[in-house]
Amino acid sequence: MSQERAVPASAVPLEELSGWPREVCRRELPSVLPRLLISLYQHAESWREHIQILKIIIEMFLPHMSHLTLEQTFFSQVLPKTVKLFDDMLYELTTQARGLSSQNLEIQTTLRDILQTMVQVLGALAGCVQHVCAAQESIVLESIHSLPSSVLHVIKSTFVHCKDSESVYSGRLHLVSDLLQALFKEAHSLQKQLLELLDMVCMDPAGDEKDILDMVTVIHSLLDICSVISSMDQAFHANTWKFIIKQSLKHQSIIKSQLKHRDIITSLCEDILFSFHSCLQLAEQMTGSDAQDNADHRVFQKTLKLCRFFANSLLHYTKEFLPFLSDSCCTLHQLYLQVYSKFPPSLYAARISKAQQEEVAGAFLVTLDPLLGQLLALPAFAQTVLDSNLDLPCELQFPQCLLLVFVMDKLPAQPEDVQTLWCTEGRVSDTTTRMSLFKAIFYSFEQCCGELSLPVHLQGVKRAGQAEAAVTLYQHVCVHLCAFIASFHPSLFPELDTELLNAVLGANVITSLLAMDAWCFLARYGTAELCAHHVAVVAHLVKSCPGECQQLTHSSVLLRRLFFFMAPLHQVEFIQKFSPKEEENLPVWQHISFQALSAELRKQTAHDVSLAGVARCRRWLGGSHTLGGFGSLNTALSALLTVCNSAGEILDIGQQSAIMEVGSQLWAFLNTKQVRGQPCVQHTFRLLLPLLGFFIQALDPQLTTQVLTLQTSLLALEPPDHVRLAMIDFLSSLGKLFIPPAIQDKILPSLSRILATLLADRNWLLEQHTLEAFTQFAEGTDHEEIVPRCLGSEETRNKVVSFLEKSGSVEETDAARVERVKREKGVFWGRAAEAATEAAQPSPSLQPQAKRARQEDPPEEECRAALRAAAKALGAAECLLQRAPAPAWLLAEVEALQARIEAMKPRLRQGQACGLGLAVTAQHGIVLEKAVDPTFPRLTPHGPASGKCTQALPAAPAAGVASFGTECLDGR
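Remember, it's a predicted structure, so these values are computed and weren't measured experimentally.

## Quick look at the overall build of the chain
Then, number 1: Each helix and strand in the chain was counted, giving 44 helices and 6 strands.
Then, number 2: Out of the 972 residues belonging to the chain, those deemed buried represent 48%.
Then, number 3: Total accessible area on the chain stands at roughly 47800 Å², and carbon and sulfur atoms take up 55% of it.

Below, the structure is given as structure tokens:
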């Protein structure tokens, strides 16, 4: 590139022009300026000449130009060429900087000359800005159209070059660092002056499109500059943002529809997160008692102040431009989640002191609450937070739960339409749906398994005269959910009904318990009539649940809890509606604690339930004893066990004898093979053991021997865990039993073998229960000689000693515990995500498939083959009898075969009947609408609402009817 001096086109040399007096410059301006501009274009490739001419124009002639004609006569003609010149110099710098070294003086000189020239360009542009500021009190953008965009382009290019200087100059930065500092300072000064100029700009409310575009371009150019200088100068960065927000609000009515709000919000959120993470890093570095006095703390406070500034800027901007922020809701949502995922008590939070936590919360986090409060009325924000397809990583599930709780707290103060927006489901498109807030709360709460198991603690509520206490996540969500139920709009109770029922019947136990707590609050919050209605609805649900399933387990717990809230008058009505005298109501009474009834009702109801239960057991004893009848038998046994546990002290001798009698008779029908292989018989076994344990003092010693013998045989076959748990609970009751000397030799060896086997079990849950049961037995038994026999191995003895001394577990540090819970949560969350993905797959078509030819089951084919072989063998025997006399033993063998055939006929007939019943039992699944009395109102404390709950309940498979419907326990 040529740097040589050229002769100017003007007749007057440049050196002479620079010495002209002020008055001469003003007089000669019309004739000299055109020639200077021509010379400027002729020397566009000569950096020095260009800068010299530009400086002469700005210093000598610009003060005499009319501000009304600046754009046409000067800025539009000079500034574009100047910007191109600056870009060329930057390119030359970047290209030649690779060869910079202390030995290569030529390149070093060239680069320094370019940098000095660039500093002069910035100075010349500063002169233009200063002239405009000094000449006018108010500025119209139209008169300086080219100036802001040109200056901002040069400033940004300068900052980018300075930011990248480490990589551009390849470790030789010290050779030009002084000029780079000068360049940065000049650009910094130029931007400051430009912002002062732009602050003087006035825009007509009915402004020209060109002016609007110019201002929007200025704001977005400054936004780009912010992204460059964010890591270079905090104060400068903050001042630039302050100007952006100020100008956006100043010209809001004119430029609001032209601004790229999403870009501004995104940049602000990025700067907030960057500052916030810097605060946390500094807080982690501050340790010891001198933290408040050291330099790190001062930097921490400065960074926290910057973080608060950005947050307040975002809050202010969001408030003013809320209608235009629909496409920024995802960014704002992620901002909240990212902040709270890194702040205690999140498992993924930085480890900072309590003092720093309070500083950050008081200075920064408090700004996020009003920010989210502004967004509640925005449909796009509700859609973002409640999106059914929202797929958050496990570290963001806890902040999502906190966000939903925050929404619950703020929603009651919102208008009804906003509450409806959040509390009802919606469909945005064919692929996008919005959950209700209730459903989202339960779903998000379910994902916080790590925070619930640790558990994490949150800030509690201060009470009058009491200190503030931290609460667990479960308490936090439960309290706020109940407060929300007490205050939100009555029209939304149908959605609450549905989601409470879904959560109670769901697979997750902790979520089901949360829904039960909320439901119990709802029952207590409303009237006594409403509580009675709730109990009746849940009782219908329990009664209608088929077999053993999770829905029955959860709903029965809810029924038991709700029943305690009923008024005595409503208890009488309930007893009349679900009469304990009728066996069909035993499925309800097996789940109700008789302690909830008044003394008079308790005695009569316990008597009625025990009569109905004993009658059902006796009817089974007098029947065919098929496996298909075990369902109703187990229900009766469960009801009898409930009576013994919650009202056993009021049963008279006759009732106790009747229960003990049927229990003893039923035990005689149990054998090892059936308990090992049939789930329904296992259930009977698990019910009979505690029932017999209740009467352990009055139990026949011979029956006790039979019970222990069966347990010993079962343990040898490794029964399921729930069967072994039942054994453990029964063994703990034997500590109260005095064993007569006559049968000690039969009982004590079996008892010691059972306890020794269970103590050696490797299952941690069974091990814990066994240790507890063994301790209770050892403390209560009079047969102390049996205790050493149970501790056959050194390992078992050490295990028992460690349990008694409470020294068996290794103390885990807080940090190690958090890391372990995080790993476990990742595993659980990953599997839950896979299950959710599988569940989201489109279900197969419900249209019936084309009929196929009937295919016989393999067992049927085997039966046919066996019968064909028997017929063939019978034919062969007939042929042999035709050839020779029959042997003497043949008649007895034939009669034995005939007896076996006759014995098979009843089973074959019953098998046909069972096959007919399968067509009915295969239709499993219950709809709550059929189970609940249609005359009942909705579950709402504010009165009835239209409609009925139609939550579908998947049923458990039929209780063994298909496989075992005709098999008899007594061999008949």
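## What to know about the environment of Asn-502
Then, number 1: Examined against the element boundaries, Asn-502 turns out to sit in helix α23 (residues 493-504).
Then, number 2: Among the residues examined, Asn-502 registers a relative accessible area of 26% and is labelled partly exposed.
Then, number 3: Separated by 49 residues in the primary sequence, Asn-502 and Gln-551 have C-alpha atoms spaced 9.7 Å apart.

## Re the confidence of the model for the chain
Then, number 1: Looking at the chain, the pLDDT average stands at 81 and 84% of residues meet or exceed 70.
Then, number 2: Under a pLDDT of 50 for its full length, residues 1-10 has, in the predicted model, 20 contacts with residues more than four places off or in other chains.

## Regarding helix α35 (residues 721-733)
Then, number 1: When the terminal C-alpha atoms of α35 are compared, their 19 Å separation across 13 residues agrees well with the 18 Å that a helix rising 1.5 Å per residue should span.
Then, number 2: Where α35 is concerned, the buried positions are Val-723, Arg-724, Ala-726, Met-727, Ile-728, Phe-730, Leu-731, Ser-732 and Ser-733.

## Quick notes on unusual backbone geometry
Then, number 1: Residue Pro-345 is bonded to the preceding Pro-344 through a cis peptide linkage, with omega at 15°.
Then, number 2: Relative to the helices and strands, Pro-345 resides in the loop between α14 (329-341) and α15 (354-363).
Then, number 3: Geometrically, the link from Leu-454 to Pro-455 is a cis peptide bond, its omega value of -15° lying close to zero.
Then, number 4: For Glu-718, which is not glycine, the phi torsion reads 55° and is therefore positive.
Then, number 5: Position of Glu-718 relative to the elements: it lies in the loop between α34 (701-716) and α35.
Then, number 6: What makes Glu-718 exposed here is its relative accessible area of 62%.

## Remarks on the packing of α14 against helix α16 (residues 368-375)
Then, number 1: Following both chains from N to C, one finds α14 and α16 inclined at 150°, their axes separated by 11 Å at the closest point. In this view, α14 runs roughly antiparallel relative to α16, as classed from their interaxial angle. When the axes of α14 and α16 are compared, the crossing they make is left-handed. Contact residues: α14 offers Leu-332, Leu-335, Tyr-336, Val-339 and Tyr-340, while α16 offers Leu-368, Asp-369, Leu-371, Leu-372 and Leu-375.
Then, number 2: A per-class count over the contact of α14 with α16 returns 9 nonpolar, no polar and 1 charged.

How each quantity is defined
Residues numbered from 1 in each chain as written. Predicted model: local features only at pLDDT ≥ 70, side-chain atom pairs only at ≥ 80, totals over all residues. Heavy atoms only, no water. Helix = DSSP H or I, 4+ residues; strand = E, 2+ residues; numbered from the N terminus. Buried < 20%, exposed > 50% of the residue type's maximum accessible area, 1.4 Å probe, protein only. Areas by Shrake-Rupley, 256 points an atom, 1.4 Å probe, with all protein chains shown as cover. pLDDT = per-residue confidence, 0-100. Contact = heavy atoms within 4.5 Å. Expected span 1.5 Å × (residues − 1). Axes fitted to C-alpha atoms, helices over the stretch in contact; angles between N-to-C directions. Parallel < 35°, antiparallel > 145°, perpendicular 65-115°, else oblique. Left-handed = near helix turned anticlockwise from the far one by under 90°. Nonpolar A, V, L, I, M, F, W, Y, C, P; charged D, E, K, R; others polar.

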